[in-house]
Structures are given as structure tokens and as C-alpha cells.
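Architecture and fold: a report
Given next are the chains, with one letter for each unit.
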Amino acid sequence: VVDVKQVTRSITASFSNSKNFLTLKNKLLKNSTVVAVLFSLLIITGAYAAPKINGYIKINKAIESAKKAEDAKDYNNALSLIASVSDYWMTDSKKQEIENLKEKQNKYIKYKEIFNSALEKEQTKKLEEARKLLLTIDPEFPEYGDVKNKLTDIQDKIEGKLKSDA
């Protein structure tokens, strides 16, 4: 009678000593090492990239909100929205877009202040000063239609005053 246990041991011993087993063992070790390294790199990259991706999303939302605020003629709010993300990491193109938006909002705030100052001058009957102020506002200002109407109105008042004085 053949002893099954002894045969199994002899087959296992011969197989474990064979070249094929060692080759298979080495391949498995190499593959598991490669998988472990790739997994580690993935974790490290994810930890590094996650805040950048989150910042990128916040930047895009801030730009979108700033444009909506600009459309609503709320230039100060648009500027503060842009300023809230200016310290985030961003690509050069996004930095340029943010800078352009800041410059534009600052100009619009300045034009709005000039327009309000001109309205005050008009109220105090300083029509020439109001007219000069309104002429400094660039046509790119979103509220330029109002500026143009006010210029026409002030010009008409100046001409009416000249006619009445003559």
C-alpha cells in the first residue's frame, strides 16, 4: 500500500525545489512590489492633487459668481469674490483671467464713483463740472447707456441755461 502522505510530501518537495517554482515565486514578488509602488504613488499623487483640484473648482465658481455680480452691476461684490480666490494655486491662464477681472472691476468701481460724483455736481448746479466728469467715463463701462443719457440731459440743461442768459 502506498502512503499518500509520503507521496504528497515528495511531490511538494520536488516541486518546491524546482526551477519553475522559484521563477513563479520571483514573478509574484516582483508583481506585488510593482503594484505596491503604483498604489503608493497613486495615494501620494491624490493627496497632493486633491487640494489643487478643490481650489480650481473654487476659482471657477468665484469667476462665475463675479461675472454674475458684474452683470447685476455689483462691482464691489465681484471684486471681493475675485479677491477671495487670488491666493489659491492656479494655472497661468487662470491667473491672467483673475487679473483681468480685477482690473475691469476696479475700473468699473472708479467709473461708478465718477458717475455718482457727476450726479452730485448736477444736483448742486455745477453742470460743466458734471459734464467733464461724465466725459472721462469709457464706453466699455456696462452702465455707459446711463452715462450717455445723463450727458445728453446735462448738455441740454447747459444749452437751456445759455439760451436763457442770452
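Above this note sits the structure.
What comes next is a walk through the structure. (Residues numbered from 1 in each chain as written. Predicted model: local features only at pLDDT ≥ 70, side-chain atom pairs only at ≥ 80, totals over all residues. Heavy atoms only, no water.)

1. Regarding the overall build of the protein
Summing up its helical and strand segments, the protein has six helices and zero strands in all. Taken from N to C terminus, the helices and strands of the protein fall in the order α-α-α-α-α-α. Per-residue burial over the protein gives 20% buried out of 166 residues. Expressed as a percentage of contacts within the protein between residues at least 6 apart in sequence, the contacts between residues at least 24 apart total 58%. (Helix = DSSP H or I, 4+ residues; strand = E, 2+ residues; numbered from the N terminus. Buried < 20%, exposed > 50% of the residue type's maximum accessible area, 1.4 Å probe, protein only. Contact = heavy atoms within 4.5 Å.)

2. Describing the side chain of Lys-94
By secondary structure assignment, the location of Lys-94 is in helix H4 (residues 92–123). Taking relative accessible area as the criterion, Lys-94 reaches 13% and is therefore assigned buried. When sequence neighbours within four positions are dropped, the list of residues in contact with Lys-94 reads Tyr-56, Ile-59, Asn-60 and Ile-63.

3. Considering a nonpolar patch on the surface
Judged by side-chain polarity, Val-34, Val-37, Leu-38 and Leu-41 come together as a nonpolar surface patch covering roughly 360 Å² of accessible area. Here Val-37 shows up in helix H2 (residues 19–71). The class of Val-37 is partly exposed, set by a relative accessible area of 45%. (Patch = residues over 30% accessible without salt bridge, like charges linked within 9 Å, V, L, I, M, F, W, Y side chains within 5 Å. Areas by Shrake-Rupley, 256 points an atom, 1.4 Å probe, with all protein chains shown as cover. Salt bridge = Lys/Arg side-chain N within 4 Å of Asp/Glu carboxyl O.)

4. What to know about the packing of helix H5 (residues 127–135) against helix H6 (residues 144–165)
Running from N to C, H5 and H6 cross one another at 150°; their axes reach a closest spacing of 10 Å. Considering their axes alone, H5 and H6 lie roughly antiparallel with respect to each other. Between H5 and H6 the crossing geometry is left-handed. Of the residues in H6, those touching H5 at Leu-127, Glu-128, Ala-130, Arg-131, Leu-134 and Leu-135 are Val-147, Lys-150, Leu-151, Ile-154, Gln-155, Lys-157 and Ile-158. Of the residues assigned to the contact of H5 with H6, the class counts are eight nonpolar, one polar and four charged. (Axes fitted to C-alpha atoms, helices over the stretch in contact; angles between N-to-C directions. Parallel < 35°, antiparallel > 145°, perpendicular 65-115°, else oblique. Left-handed = near helix turned anticlockwise from the far one by under 90°. Nonpolar A, V, L, I, M, F, W, Y, C, P; charged D, E, K, R; others polar.)

5. Here we look at unusual backbone geometry
Despite not being glycine, Lys-73 shows a phi value in the positive range, around 65°. Here Lys-73 is to be found in the loop between H2 and helix H3 (75–83). Phi is positive for Lys-125, which is not a glycine, with a value near 65°. By secondary structure assignment, the location of Lys-125 is in the loop between H4 and H5. You can call Lys-125 exposed: its relative accessible area is 65%.

6. A few points about the packing of H3 against H4
At a minimum axis distance of 9 Å, the contact between H3 and H4 shows a crossing angle of 155°. As summarised for this structure, H3 and H4 are arranged roughly antiparallel, according to the angle between their axes. As H3 runs across H4, the sense of the crossing is left-handed. Along the contact surface, H3 presents Tyr-75, Asn-76, Ala-78, Leu-79 and Ile-82, while H4 presents Ile-98, Leu-101, Lys-102, Gln-105, Asn-106, Tyr-108 and Ile-109. Of the residues contributing to the contact of H3 with H4, the split by class is eight nonpolar, three polar and one charged.

7. Observations concerning the pattern of salt bridges
Side-chain pairs of opposite charge can arise whenever the charged atoms involved come near each other. What the rule picks out here adds up to 12 salt bridges. The partner of Glu-129 in a salt bridge is Lys-121, with the nearest N and O atoms 3.1 Å apart. Salt bridges here are not isolated pairs; linked through shared partners, they connect Glu-122, Lys-150, Asp-153 and Lys-157.

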